[in-house]
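Working through the structure, step by step
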Amino acid sequence: QVQLVESGGGLVQPGGSLRLSCAASGFTVSDYAMSWYRQTPGKQRELVAAIGSILDPTKSTYYGDSVKGRFTISRDNVNNMVYLQMNDLKPEDTAVYYCKRKIGEYWGQGTQVTVSS
């Protein structure tokens, strides 16, 4: 019953921007820590960004060193969505991006992001 569906990936030029969306069903995203990962074939899945639930006293966000200052994770509690705004994209950002609910380790199917001129 828990489902995560990513969308918004595509081809973008270096320096461009994309906004990835994660549509959640079967739970309320505000109640859970959510995260975005990415994976390139032959490499381990990498944590890109994370956001704590409303129950987290730290109300924290996390960003991998390679994306700090360029990516922003957010949630839309009304529409039960999680977003990843990606700015100043670089070729090394090319990967399949996955949405994840930390508790229960639920994953979406992924959306492809390709950064190339």
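Here, the structure is the one placed above.
Residues numbered from 1 in each chain as written. Predicted model: local features only at pLDDT ≥ 70, side-chain atom pairs only at ≥ 80, totals over all residues. Heavy atoms only, no water.

Looking at where Ser35 falls in the secondary structure, it is placed in strand S4 (residues 34-39). Those residues within four positions of Ser35 in sequence are excluded, and the remaining contacts are Leu47, Ala49, Ala50, Ile73, Tyr98, Cys99 and Lys100. (Helix = DSSP H or I, 4+ residues; strand = E, 2+ residues; numbered from the N terminus. Contact = heavy atoms within 4.5 Å.)

Looking now at the state of the cysteines. Between two cysteines, a covalent bond joining their sulfur atoms is known as a disulfide. Following the criterion strictly, the structure yields one disulfide and no others. Here Cys22 connects covalently by a disulfide to Cys99, the sulfurs 2.1 Å from one another. Across the disulfide from Cys22 to Cys99, rotation about the S-S bond amounts to roughly -80 degrees, and the bridge is consequently left-handed. Here the residue Cys22 occupies a position in strand S3 (residues 18-25), and Cys99 occupies one in strand S9 (residues 95-101), the gap between them amounting to 77 residues. Residues Cys22 and Cys99 agree in their burial class; the two are buried. (Disulfide = S-S within 2.5 Å. Buried < 20%, exposed > 50% of the residue type's maximum accessible area, 1.4 Å probe, protein only.)

So, about the nonpolar core. Formed by 26 residues in total, the largest nonpolar core has its most connected members in Trp36, Phe71, Ile73, Leu84, Met86 and Tyr97. Secondary-structure elements contributing two or more residues to this core are S3, S4, strand S5 (46-51), strand S7 (71-76), strand S8 (81-86), S9 and strand S11 (111-115). Broken down by element, the residue count for this core peaks at four residues, all from S3. Setting aside residues up to four positions removed in sequence, Leu84 forms contacts with Leu18, Arg19, Leu20, Trp36, Val48, Ala49, Phe71, Thr72, Ile73 and Tyr97. (Core = buried A, V, L, I, M, F, W, Y, C linked by side-chain atoms within 4.5 Å.)

The four strands lie next to each other as S1-S3-S8-S7, forming an open sheet whose pairing is antiparallel. A single partner strand is all that each edge strand has here, and the edge strands are strand S1 (3-7) and S7. For this sheet the average axis-to-axis angle between neighbouring strands, irrespective of direction, equals 15 degrees. For S3 and S8, the ladder comprises six bridges, and the chain directions are antiparallel. (Pairing = 2+ DSSP bridges. Axes fitted to C-alpha atoms, helices over the stretch in contact; angles between N-to-C directions.)

With that settled, consider the pairing of S11. Regular strands place their side chains on alternate faces of the sheet. Here S11 shows a buried face lined by Thr111, Val113 and Val115 and an unburied face lined by Gln112 and Thr114. Of the strand pairs in this sheet, strand S2 (residues 10-12) and S11 are connected by three bridges, and their pairing is parallel. Counterpart to Leu11 in the pairing with S11 is Thr114. Of the pairings in the sheet, the one linking S9 to S11 comprises three bridges and is antiparallel in character. What sits directly across from Tyr97, in S11, is Thr111.

Bridge count for S4 against S5 is five bridges, and the pairing is antiparallel. Counterpart to Trp36 in the pairing with S5 is Ala49. Counting the residues in the hairpin turn of S4 and S5 gives six residues, including Gly42, whose phi is positive at 90 degrees. In terms of strand pairing, S5 meets strand S6 (residues 61-63) through three bridges, oriented antiparallel. What sits directly across from Ala50, in S6, is Tyr62.

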